[in-house]
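As a plain string of letters, each chain reads:
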Amino acid sequence: MAGSLELPENRYHVRSISMPSRSHPLALRVDEEVNKLKAWERSSGSSLTKETICIGLGHIRYLYDCIEDLLHLPLTQQSLINHHHEKCVDEISTGLVRLMDMCGTTRDTLMLMKEHMRTLQFALRRRGQESCLETKVNEYIRSRKKVKKDINKCLGELKRMESKCASFSLISTDQHLVMVVVELREVGAITIAVLRAVLSFMSASRPNPKPSKWSLVSKLVRKGLVACEGEEDMNEIESVDVALSGLCTRIANKDAQMEKAQMANKRLEALEIGIEDVEAGLECMFRRLIQTKVSLLNILSLSS
C-alpha cells in the first residue's frame, strides 16, 4: 500500500513588510483543522482503509467550512478587492479549479469501479455457469488494471500541482491578504494530500500469490478452513483481490468452490458499501470546492 503522505515543512516563502498575523480566530480555526489532517496523515500511515479515508474526508469538510467563514470576513473581502490584480490571487482561483477537476475525476473513477464490481457480483450470484463467472472475474481484473493506469496519471497530476504549491513569493504591506493567501495555499496542499490518499486506497492491491502458497490454501479450503497470510493488514480492495485470486484456483470440491464464491461476493458487498461512503465524502468535498470558488469569484467581481 502507499506509504505516509506527510506534507513537506516550510513549503512557503512569504515576504511582507511585516510578517502576517495568524492570530485572527478564523485563521486559528483553519490552522487547527489543517493540523488535524496532518495528524490524520501521520496516524493512518500505510493503513489506507475505507474508515481512515472517510475520516480524512470528514476533516476536509470542516476545513472548507472554516475557509468559507474566512472569505466572508469584511476585511478579507476588502483585501482581495484591493489586490485582485495580484498574481497570487489568480493562482489561488486557478488552483481551486484544478482541485475541482481532480476531485471530479477521482469521483468518476470510483463510480466506474463500482459498476465493474456490480457486474461481477451479478455473475457470482448466478450458479452453475462457471465459464461465465471466470470470464467476469477476468474482466474485473482487467478493469482494475485500467483503473490503476488512470490513477497513476491522476497521481502524477497531483504531484505537479503540489510542486506549484511548494513555494511562492509575495510582497505586500497588507498583512491580512498575506495571511489569507498563506491559509488558502495551506488548504490547497492538504487537499492534494487527501486526494492522493483516496487514489492510493483505490489502487491498492496485492501481488498474485505463488502457486505453492495457494495449493496450501486449496487444501485448507477442502478441510472447510479459509486462511490467508497477512490478511488482517489488507484494506477492503485488497481483500477482494485476494478472494478473487482464490476463486480462480479451481478445486474438485464444488461445495468448497461455492463457498469461495460466496466469500468473494460477501467481500464485494462490503467493498461496495465502503466505496459508497468514500463517494459521499468526495461529493461533499466537490461541493465545498465549488462553494469556495463561487465565493472567491463573487468577491473579485466587486472589484470590476
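Up top is the structure.
Below, the structure is looked at part by part. What you see is a predicted model; the values in this text were computed from it and never measured. (Residues numbered from 1 in each chain as written. Predicted model: local features only at pLDDT ≥ 70, side-chain atom pairs only at ≥ 80, totals over all residues. Heavy atoms only, no water.)

Quick word on the overall build of the protein chain
Then, in step 1: Within the protein chain, the regular secondary structure consists of 9 helices and 2 strands.
Then, in step 2: Reading the protein chain from its N end, one meets helices and strands in the order β-α-α-α-α-α-β-α-α-α-α.
Then, in step 3: Counting only residues that meet the buried cut, the protein chain has 49% of its 304 residues in that class.
Then, in step 4: Partitioning the contacts of the protein chain with sequence separation of at least 6, the portion at a separation of at least 24 is 86%.
Then, in step 5: Summed over all atoms, the accessible surface of the protein chain reaches about 15,200 Å², with 54% contributed by carbon and sulfur. (Helix = DSSP H or I, 4+ residues; strand = E, 2+ residues; numbered from the N terminus. Buried < 20%, exposed > 50% of the residue type's maximum accessible area, 1.4 Å probe, protein only. Contact = heavy atoms within 4.5 Å. Areas by Shrake-Rupley, 256 points an atom, 1.4 Å probe, with all protein chains shown as cover.)

Side note on the packing of aromatic side chains
Then, in step 1: This structure, assessed with the given rule, holds 0 aromatic pairs.
Then, in step 2: In this structure, arginine 61 is placed above the aromatic ring of tyrosine 62, and the distance from its NZ or CZ to the ring centre is 4.8 Å. (Phe/Tyr/Trp six-rings, centres within 6.5 Å; stacked < 30°, edge-to-face > 60°. Lys NZ or Arg CZ within 6 Å of the ring centre and 35° of its normal.)

A few points about the packing of helix H6 (residues 175-203) against helix H9 (residues 254-301)
Then, in step 1: Axis separation between H6 and H9 bottoms out at 12 Å; the angle between their running directions is 155°. Here H6 lies roughly antiparallel to H9, going by the angle between them. Considering the relative orientation of H6 and H9, their crossing is left-handed. In contact with Thr191, Val194, Leu195, Val198 and Phe201 of H6, H9 contributes Val278, Leu282 and Met285.
Then, in step 2: In terms of residue class, the contact of H6 with H9 is made up of 7 nonpolar, 1 polar and no charged. (Axes fitted to C-alpha atoms, helices over the stretch in contact; angles between N-to-C directions. Parallel < 35°, antiparallel > 145°, perpendicular 65-115°, else oblique. Left-handed = near helix turned anticlockwise from the far one by under 90°. Nonpolar A, V, L, I, M, F, W, Y, C, P; charged D, E, K, R; others polar.)

Considerations on the packing of helix H4 (residues 87-125) against H6
Then, in step 1: As a packed pair, H4 and H6 sit with axes 11 Å apart at the nearest point and diverge in direction by 15°. Put simply, H4 runs roughly parallel to H6. You can see that H4 and H6 cross each other, and the crossing is left-handed. Taken together, the residues of H6 that come into contact with H4 (itself represented by Cys88, Val89, Glu91, Ile92, Leu99, Met102, Cys103, Thr106, Thr109, Leu110 and Met113) are Leu177, Val181, Leu184, Arg185, Gly188, Thr191, Ile192, Leu195, Val198, Leu199 and Met202.
Then, in step 2: Looking at the contact of H4 with H6 residue by residue, the classes come out as 16 nonpolar, 4 polar and 2 charged.

Thoughts on the side chain of threonine 191
Then, in step 1: Here threonine 191 is to be found in helix H6.
Then, in step 2: Judged by its relative accessible area of 0%, threonine 191 falls in the buried class.
Then, in step 3: Reaching out from threonine 191, the side chain makes a polar contact with the backbone oxygen of valine 187 at a distance of 2.7 Å.
Then, in step 4: Beyond its immediate sequence surroundings of up to four residues, threonine 191 is in contact with Ile60, Tyr64, Leu99 and Met285. (Polar contact = N/O pair within 3.5 Å; in protein donor to acceptor, adjacent residues only side chain to side chain.)

Thoughts on the side chain of threonine 52
Then, in step 1: By the element assignment, threonine 52 lies in helix H2 (residues 50-71).
Then, in step 2: Within the structure, the side chain of threonine 52 is placed 2.9 Å from the backbone nitrogen of threonine 49, a separation counted as a polar contact.
Then, in step 3: Setting aside residues no more than four positions away along its own chain, threonine 52 makes contact with Trp40, Ser44 and Ser47.

Here we look at the environment of aspartate 65
Then, in step 1: By the secondary structure assignment, aspartate 65 is in helix H2.
Then, in step 2: Along the sequence, aspartate 65 and arginine 288 sit 223 residues apart, while their C-alpha atoms lie 7.7 Å from each other.
Then, in step 3: Engagement of the side chain of aspartate 65 in a polar contact is seen with the side chain of arginine 288, the distance being 2.8 Å.

Details of a positive patch on the surface
Then, in step 1: Where like charges cluster on the molecular surface, the positive patch consists of Arg142, Lys145, Lys149 and Lys153.
Then, in step 2: Within the secondary structure, lysine 153 is located in helix H5 (residues 130-165). (Patch = residues over 30% accessible without salt bridge, like charges linked within 9 Å, V, L, I, M, F, W, Y side chains within 5 Å. Salt bridge = Lys/Arg side-chain N within 4 Å of Asp/Glu carboxyl O. Lys, Arg positive; Asp, Glu negative; His and termini not counted. Charge placed at Lys NZ, Arg CZ, Asp CG, Glu CD.)

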